[in-house]
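Results of the structural survey
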Amino acid sequence: MSLLADLPRLIEESRAAFEEAGVPELTVHEKNGSSGSMLALCDSISFSKFLLSKGLAGKISTIYMDPPFLSGSDYSARLSGPGGKSISHHAYSDRWTNDEEGYIRMLCSALWGAKSLVSPQGSVFLHLDWHFVHYMKICMDEIFGRENFINEIIWQYKSGGSSKKHFARKHDTILMYGSSKDHYFDIPKEKSYNRGMKPYHFKGVDEYEDENGWYTLVNMKDVWAIDMVGRTSSERTGYATQKPEALLDRIIRCSSAEGDICADLFCGSGTLPVCAAKSGRRFFACDTGKLAISITKKRLYDEGAKFIYYAGEDYSGGGKIDAEVTTSEDGRDIKITGYTPDLTYIDLNEKDEALFRDMTPEDGLALIESVSIDPGYDGSVQEPAIYRVKTKGAIDLEASVGSEGKISIVVSDIFGLESQLIIS
Ligand SMILES: C[S@@+](CC[C@H](N)C(=O)[O-])C[C@H]1O[C@@H](n2cnc3c(N)ncnc32)[C@H](O)[C@@H]1O
């Protein structure tokens, strides 16, 4: 049987699988103020079920999904290891059980979730590439209705690599569907240069000039030339397949208003939640990868975003934190003096593993990417009064807090593993 002939069955079975899926047990791990935004360490289907159980059906204006593309590859992140040496670490896998069928089941179930969550005027964006976008457009026609198709956006970029056997593949496709024909849309404008770059002087048409010549502003077209996150970009996190903020900012602004909710069901390094926070929207985002979530959290804290972080597990799987606390009349001074990662959870190649062999807890301090300190820990939810993120290779590991309360220190390392130390 061809895959095309199987699609109706797979779409229906995915609907049933989504409906039958249970609500996951996610608990609040960390609370950074209250803005109504959420980040979760879990898969997209569980997260959708969780949001539905919180009464959020039909409440989300923009749902963006940038899932693995069925490329059959594994993706890594470049991390700064012991002694500042660059190491490669597994970020996520794009290999599927039963290949195409397993992939369709996962993605269609996630799309059924998106359909229940999107608001009556909202829209859903599915970001894919040539591998499978043609099949998923058929699935989206079925799930959202052909009449609700809005755009096939081409994101065109420059990047290295080409072949002598085919044209260089330098675009991704983003399928946009509305919840209904009545979808919210704030069309952005773009420059359209005049022929010969000279002014036309047409009556009633505003013209502008920049270093290239004269132009007018027209409604934006569906081909977007936006640079990828380059090696030297200040946005770069090192997470494979990180998308540029300019792309997500455009998606968010055209499909939602300030104060609305935007969601990303495969958030990776967190570009959508970061852009949502920057543009005054609330966000709901999830990913299955600890590294992805840890990078997202760091970016959000950097942005001063407020959110609640949910996860299904406790801190087991992290390393060991050593800290000294000295008490004075003014309160307590905390100093993190050592960190030992638990490498049993890490899959490193032999060369990279050797870098960790003779590492002391003091050397391990260089592996700390962020530190959160809650000086009034209630025994369950981390509410950091102090949050430090490594910037330009440095992080401040000393802090002063008041004299009352249980102290909880949570450290996140280069692998995204979190460890907790509680000092009574
Ligand atoms: C293409 S990346 C997303 C990149 C992201 N847009 C960014 O700007 O960094 C795809 C992400 O999907 C995550 N993922 C894979 N399967 C998932 C699932 N079932 N639910 C949620 N996330 C998943 C991977 O861990 C990976 O981070």
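The model shown is predicted, which means the values in this text are computed figures rather than measured ones. (Residues numbered from 1 in each chain as written. Predicted model: local features only at pLDDT ≥ 70, side-chain atom pairs only at ≥ 80, totals over all residues. Heavy atoms only, no water.)

Of the regular secondary structure elements, the chain holds nine helices and 22 strands. Taken over C-alpha atoms, the radius of gyration comes to 24 Å for the chain, in line with the 22 Å a tight globule of 424 residues would show. Dimensions of the chain, computed from the C-alpha atoms along their principal axes, are close to 75 × 55 × 50 Å. Per-residue burial over the chain gives 50% buried out of 424 residues. Of the contacts made within the chain by residues no fewer than 6 positions apart, 69% connect residues no fewer than 24 positions apart. (Helix = DSSP H or I, 4+ residues; strand = E, 2+ residues; numbered from the N terminus. Rg over C-alpha atoms; globule rule 2.2 N^0.38 Å. Buried < 20%, exposed > 50% of the residue type's maximum accessible area, 1.4 Å probe, protein only. Contact = heavy atoms within 4.5 Å.)

Before going further, it helps to spend a moment on the domain arrangement of the chain. Here the chain is described as being made up of domain 1 (3-184 + 222-311) and domain 2 (320-423). With centres defined by C-alpha atoms, the gap from domain 1 to domain 2 works out at 30 Å. The interface of domain 1 with domain 2 comprises 20 residues on the first partner and 24 residues on the second. Both faces considered, domain 1 and domain 2 share a buried interface measuring about 1,900 Å² in area, 61% of it formed by carbon and sulfur atoms. Counting the surface domain 1 buries against domain 2, the share from its top three residues, Pro82, Ile87 and Lys298, is 28%. Our count for the domain 1 to domain 2 interface comes out at two salt bridges. Its salt-bridge partner being Lys298, residue Glu369 comes within 2.6 Å of it at the nearest N-O pair. For the pair domain 1 and domain 2, the interface holds six residue pairs in polar contact (both at pLDDT 80 or more). Elements supplying a minimum of two residues to the side of domain 1 that touches domain 2: β1 (27-32), β4 (74-80), β5 (86-93) and α7 (290-302). Looking at which element gives the most residues to the side of domain 1 that touches domain 2, the answer is α7, with seven residues. A breakdown of the residues in the side of domain 1 that touches domain 2 according to their chemical character gives seven nonpolar, six polar and seven charged. (Domains from an automatic or database assignment. Buried area = accessible area lost by both parts, 1.4 Å probe. Salt bridge = Lys/Arg side-chain N within 4 Å of Asp/Glu carboxyl O. Polar contact = N/O pair within 3.5 Å; in protein donor to acceptor, adjacent residues only side chain to side chain. Nonpolar A, V, L, I, M, F, W, Y, C, P; charged D, E, K, R; others polar.)

The topology assignment puts Thr216 in strand β11 (residues 213-219). In contact with Thr216, not counting residues within four places along its chain, are Glu190, Lys191, Ser192, Asn194, Val205, Asp206, Glu207 and Tyr208.

Across a sheet, strands are paired by hydrogen bonds formed along the backbone, either parallel or antiparallel in direction. One open sheet holds the four strands; their spatial order is β19-β18-β21-β22, and the pairing between them is antiparallel. Edge strands, defined here as strands with exactly one partner in the open sheet, are β19 (386-389) and β22 (418-423). If you compare each strand with its neighbour and ignore which way they point, the axes differ by 15 degrees on average. Direction of pairing for strand β18 (residues 368-374) relative to strand β21 (residues 407-413): antiparallel, over a ladder of six bridges. Across the sheet, the residue bridging to Ile373 is Ile409, located in β21. Sheet strands touched by α7: β18, β19, β21 and β22. Its angle to β19, the strand with the most contacts, is close to 110 degrees. (Pairing = 2+ DSSP bridges. Axes fitted to C-alpha atoms, helices over the stretch in contact; angles between N-to-C directions.)

Under the criterion given, the structure shown has 20 salt bridges. A salt bridge links Glu30 to Lys297, with the shortest nitrogen-to-oxygen separation between them at 2.8 Å. Of this pair, Glu30 sits in strand β1 while Lys297 is found in helix α7, placing the two residues 267 residues apart along the sequence. On the basis of relative accessible area, Glu30 is assigned to the buried category, the value being 1%. With relative accessibility at 2%, the residue Lys297 sits in the buried group. Note that Glu303 is salt-bridged to Lys278, the shortest N-O span being 3.9 Å. Taken together, the residues Glu303 in the loop between α7 and β15 (307-311) and Lys278 in helix α6 (residues 271-278) connect sequence positions 25 residues apart. In this structure Glu303 comes out as partly exposed when scored by relative accessible area, which is 36%. For Lys278, a relative accessible area of 44% corresponds to the partly exposed category.

Looking now at the nonpolar core. Core analysis: the biggest nonpolar cluster contains 50 residues, and Phe47, Ile63 and Met65 have the highest contact counts within it. No other element matches helix α3 (residues 99-117), which puts ten residues into this core. Leaving out residues up to four positions away in the same chain, Ile63 has contacts with Ala114, Leu117, Val118, Ser123, Val124, Phe125, Ala263 and Leu265. Among the nonpolar cores identified, the runner-up in size contains 35 residues, and Tyr64, Trp224, Leu247 and Cys254 belong to it. (Core = buried A, V, L, I, M, F, W, Y, C linked by side-chain atoms within 4.5 Å.)

Strand order across the open sheet formed by ten strands is β1-β15-β2-β14-β13-β3-β6-β8-β7-β12, with mixed pairing between neighbours. Of all strands in the sheet, those bounded by a partner on one side alone are β1 and β12 (223-225). Strand-to-strand, the axes of this sheet are offset by a mean angle of 15 degrees, without reference to chain direction. Two strands pair when backbone bridges link them, and β1 and β15 are joined in this way by five bridges, in the antiparallel orientation. The residue bridging Lys31 from the neighbouring strand is Ile308, located in β15. Running at roughly 150 degrees to strand β3 (residues 60-65), helix α5 (residues 245-255) makes contact with β3, β6 (118-128), β7 (149-156), β8 (171-178), β12 and β13 (261-264) of the sheet. In the packing of α7 onto the sheet, contacts are made with β1, β2 (38-41), β14 (282-287) and β15, and the angle to β2 comes to roughly 160 degrees.

The interhelical angle for the contact between α6 and α7, taken along N-to-C directions, is 15 degrees, at an axis separation of 9 Å. Viewed along their axes, α6 and α7 adopt a mutual orientation that is roughly parallel. For the pair α6 and α7, the sense of crossing is right-handed. Counted together, Thr271, Pro273 and Val274 of α6 and Thr296, Arg299 and Leu300 of α7 form the full contact between these two elements. Among the residues making up the contact of α6 with α7, the classes are represented as three nonpolar, two polar and one charged. (Parallel < 35°, antiparallel > 145°, perpendicular 65-115°, else oblique. Left-handed = near helix turned anticlockwise from the far one by under 90°.)

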